[in-house]
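# Notes for the structure review
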Amino acid sequence: MTDATTAKAKRVSIGDRWRALPKWQRWIGYLAGIVFLYYLPLLGIPGLTWLRTDYIANGNNWAGVLFTCAIYVLIALGLNVVIGLAGLLDLGYVGFYAVGAYSVALFGSRQSPVVKAIQERFDLPAEWAMAWAVCIIIALVLAMTSGVILGWPTLRLRGDYLAIVTLGFGEIIRIVVRNSTAWSGGPPGVAGIPGPQGAPSAENDIFGLIDAKPWYWLALSVVLLIVFLVRRLENSRVGRAWLAVREDEDAAAVMGVYPFKFKLWAFAIGAALGGLSGLLFASRVGFIEPNQFNAQLSILFVAMVVVGGAGNMGGVAVGAFLLAYLPERFRDFAEWRFLVFGLALVLVMLLRPQGLIPSRRRARELKDRQEEVPAGV
């Protein structure tokens, strides 16, 4: 055995060491990590307080930044189902995000044209509006339905063609809500969007507009629930079908997997998670308008998945956190912070093209390809 082979055999990744631990030790590690995530808004541990953005001059509220990070992680988890598991390039994911946000705005806000029209039609009191829990169901149904409507005619396309169609979908949603003043509020947008405690008011002592900590804890709880559900789905027959379609659609079809059916499932599930994240965002800020859902934001969503490592939930979560947190951490650079942010993205793509934390399957594929090159020369 050569020295290179011996060194290769001795080289063990951190992930392999973690998986080699007894199950009870891993569960203790998971529990400690979850407790730390819930503790983050109160972070005061010496040596770690420099992480807080409210210690920076003109920085945003620390809990508010964490809430944005949690929302981006939820978006990345949904988009990872589409890109990382099913292998579908979706550049219009912001459209589903907007559907979820406008669902709670149009059906939950007393200032929305839809609620006012329902009040007049059924002679309801002016204080009436749909409950926030009902808006969650509406957002999930509308987002999933829009995913099916978009995916049904377009998922027969592949590669760049599918990316162009989905990019157009995101822009169509934004243009429609901007121009349809009669029911969407038009360019001025919709205000008075409710949260778990109802419409914004002084009585909202928990889920109000000032203290963002409860909102972060709510978003984090949703993220943990979605991680559990998506992990179960990934390890099921549906998840294995997604991976087969991603690797080779024609070969999957020969083996009895119906590609269109499972791609449509991925699109619908990803759309539902995008709508859920949009609902949480709109409920927190209390006001939305069409320009908040532009194509630049959709490209940022894709970057979160690619930078983190498509196909690995832990990787896309890290990528989403960094892309939400770093611009705030570099706020002291003023107009230069986005240049620094862009250079950091370029360096990551040059040094880690597979992502910061790629899936084990993807890492093995890239490693095998590198080892096959000298043999074929």
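Below, the structure is looked at part by part. (Residues numbered from 1 in each chain as written. Predicted model: local features only at pLDDT ≥ 70, side-chain atom pairs only at ≥ 80, totals over all residues. Heavy atoms only, no water.)

Here we come to the overall build of the chain. Looking only at helices and strands, one finds 17 helices and two strands in the chain. Considering only residue pairs separated by 6 or more positions, the chain has 71% of its internal contacts joining residues 24 or more positions apart. Accessible surface, the chain as shown: approximately 19,700 Å² in total, 66% of it carbon and sulfur. (Helix = DSSP H or I, 4+ residues; strand = E, 2+ residues; numbered from the N terminus. Contact = heavy atoms within 4.5 Å. Areas by Shrake-Rupley, 256 points an atom, 1.4 Å probe, with all protein chains shown as cover.)

What follows concerns the pattern of salt bridges. Scanning the entire structure with this criterion turns up five salt bridges. Of the charged contacts in the structure, one is a salt bridge between E171 and R174, with a shortest N-O distance of 2.7 Å. Within this pair, E171 and its partner R174 are both found in helix α8 (residues 159-179), separated by three residues, close to a single helical turn. Residue E171 is classed as partly exposed on the basis of its relative accessible area of 23%. (Salt bridge = Lys/Arg side-chain N within 4 Å of Asp/Glu carboxyl O. Buried < 20%, exposed > 50% of the residue type's maximum accessible area, 1.4 Å probe, protein only.)

For the rest of this paragraph, the subject is the environment of L142. Here L142 shows up in helix α7 (residues 132-154). In this structure the C-alpha to C-alpha distance between L142 and A272, which are 130 residues apart in sequence, comes to 8.1 Å. Excluding residues that lie within four positions of it along the chain, L142 makes contacts with V99, S103 and F107.

The subject of this paragraph is the packing of aromatic side chains. Between two aromatic rings, the relevant description is the distance of the centres plus the angle of the planes. Under the defined criterion, the tally for this structure stands at 16 aromatic pairs. The interplanar angle of 80° and the centroid separation of 6.0 Å between the aromatic rings of Y72 and F301 together place this pair among those described as edge-to-face. Of the two residues, Y72 is situated in helix α4 (residues 62-85) and F301 in helix α14 (residues 295-308); the sequence distance between them amounts to 229 residues. Note on accessibility: Y72 and F301 belong to one class, buried. Centre to centre, the rings of F96 and F169 are 5.0 Å apart; their planes meet at 40°, and the pair counts as tilted. Placement of F96 in helix α5 (residues 94-108) and of F169 in helix α8 is noted, with a sequence separation of 73 residues between them. (Phe/Tyr/Trp six-rings, centres within 6.5 Å; stacked < 30°, edge-to-face > 60°.)

Here we come to α5. The end-to-end C-alpha distance of α5, which contains 15 residues, comes to 21 Å, matching closely the 21 Å that a straight helix rising 1.5 Å per residue would cover. With 14 of 15 residues buried, α5 lies mostly within the body of the structure. (Expected span 1.5 Å × (residues − 1).)

Axis separation between α4 and helix α15 (residues 313-329) bottoms out at 8 Å; the angle between their running directions is 145°. Between α4 and α15 the crossing geometry is right-handed. For the pair α4 and α15, contact is made by W62, V65, T68, C69, Y72, V73, A76, L77 and N80 and by M313, V316, A317, A320, F321, A324, Y325 and E328, respectively. (Axes fitted to C-alpha atoms, helices over the stretch in contact; angles between N-to-C directions. Left-handed = near helix turned anticlockwise from the far one by under 90°.)

A few words on unusual backbone geometry. A positive phi angle, near 55°, is found at D123, a position not held by glycine. In this fold, D123 is placed in the loop between α6 (113-122) and α7. Note on D123: relative accessible area 71%, which makes it exposed.

Once that is clear, we can look at α14. In this model α14 runs 20 Å from its N-terminal to its C-terminal C-alpha over 14 residues, within 8% of the 20 Å that 1.5 Å per residue would give. Turning to α14, its buried residues are L297, S298, F301, V302, M304, V305, V307 and G308. Between the side-chain oxygen of the N-cap and the backbone nitrogen of Q296 there are 3.3 Å, and the N-cap of α14 in question is N294. A positive backbone phi angle near 125° is found at G309, which sits one or two residues after α14. (Polar contact = N/O pair within 3.5 Å; in protein donor to acceptor, adjacent residues only side chain to side chain.)

Time to look at a nonpolar patch on the surface. Together, F36, L37, Y39, L42 and I45 make up a nonpolar patch on the protein surface, roughly 380 Å² of accessible area in all. Considering the arrangement of structural elements, one finds L42 in the loop between α3 (23-39) and α4. (Patch = residues over 30% accessible without salt bridge, like charges linked within 9 Å, V, L, I, M, F, W, Y side chains within 5 Å.)

Taken as a class, soluble globular proteins show a tendency for nonpolar side chains to be buried jointly. Formed by 93 residues in total, the largest nonpolar core has its most connected members in Y72, Y97, I288, F293 and F301. Here this core gets 18 residues from one element, more than from any other, and that element is α4. Aside from chain neighbours lying at most four places away, what touches F301 is Y72, I75, L79, Y93, V94 and Y97. (Core = buried A, V, L, I, M, F, W, Y, C linked by side-chain atoms within 4.5 Å.)

Mapped onto the secondary structure, S298 falls in helix α14. In terms of polar contacts, S298 uses its side chain to reach the backbone carbonyl oxygen of L91, at 2.5 Å.

Turning to the packing of α14 against α15, a few remarks are in order. One can describe the packing of α14 onto α15 by two numbers: an axis separation of 7 Å at closest approach and a directional angle of 130°. It follows that α14 is oblique to α15 by the angle criterion. α14 and α15 meet at a crossing whose hand is right-handed. From α14, L300, A303, M304, V305, V307 and G308 reach across to α15, where they touch G315, V316, G319, A320 and L323. A breakdown of the residues in the contact of α14 with α15 according to their chemical character gives eight nonpolar, three polar and no charged. (Parallel < 35°, antiparallel > 145°, perpendicular 65-115°, else oblique. Nonpolar A, V, L, I, M, F, W, Y, C, P; charged D, E, K, R; others polar.)

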